[in-house]
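Structure at a glance
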Amino acid sequence: MTAQRLVENCVLTNQTAVVDEMLNKHLLPEEYIYPFLGDVMEWWLIDSWLAERLKRAGEVVIEEYGCCWWGRLASGQAIYMDSVIQEIAVG
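The structure reproduced in this document is the subject of the present report. (Residues numbered from 1 in each chain as written. Predicted model: local features only at pLDDT ≥ 70, side-chain atom pairs only at ≥ 80, totals over all residues. Heavy atoms only, no water.)

Let us now look at unusual backbone geometry. Positioned with a positive phi, His 26 is a non-glycine residue whose angle comes to about 60°. On the secondary structure map, His 26 appears in the loop between helix H2 (16-24) and strand S2 (42-46). Unusually for a residue other than glycine, Tyr 65 sits at a positive phi of about 55°. Within the element layout of this structure, Tyr 65 appears in the loop between strand S3 (60-64) and strand S4 (67-72). (Helix = DSSP H or I, 4+ residues; strand = E, 2+ residues; numbered from the N terminus.)

Printed below as a string of C-alpha cells:
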C-alpha cells in the first residue's frame with residue numbers, strides 16, 4: 001500500500017478544533033497527551049487500524065467516545081509525507 005492510499009483510506013478528517021475544545025473542557029484524559037503536551041499541532045480522526053499502528057510507533061493516539069484521534073506532531077506538508085505514515089505504509 002502506498003502512503004497516499006493509506007491516508008485516503010484511514011485518515012478521515014481534521015478535528016483539531018474539536019479535540020482542543022474537548023481537552024480544554026477536560027472531556028478527554030490528559031494522560032493521552034502528557035508526554036507530548038504542546039507538541040501536537042493537529043488532531044485527525046482516524047480509523048482503528050491506523051490508530052493501532054500509530055500507537056505501536058509511539059505516536060499520540062486518543063481512543064475515547066468510539067473515536068480514534070491522532071495527535072500529529074507535524075504540519076504544513078501532506079500527511080502521506082510524514083515519516084511515520086511512510087513507515088506504516090511500507091509495512
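With that settled, consider the sheet that holds S4. Here four strands make up an open sheet; going across it, the order is S1-S2-S4-S3 and the pairing antiparallel. Each end of this open sheet is capped by a strand with a single partner; those strands are strand S1 (11-14) and S3. The sheet shows a mean angle of 30° between the axes of neighbouring strands, direction not considered. When S2 meets S4, the two strands line up antiparallel, connected through five bridges. Counterpart to Trp 44 in the pairing with S4 is Trp 70. Packed on one face of the sheet, helix H1 (residues 3-10) meets S1 and S2 and runs near 70° to S1. (Pairing = 2+ DSSP bridges. Axes fitted to C-alpha atoms, helices over the stretch in contact; angles between N-to-C directions. Contact = heavy atoms within 4.5 Å.)

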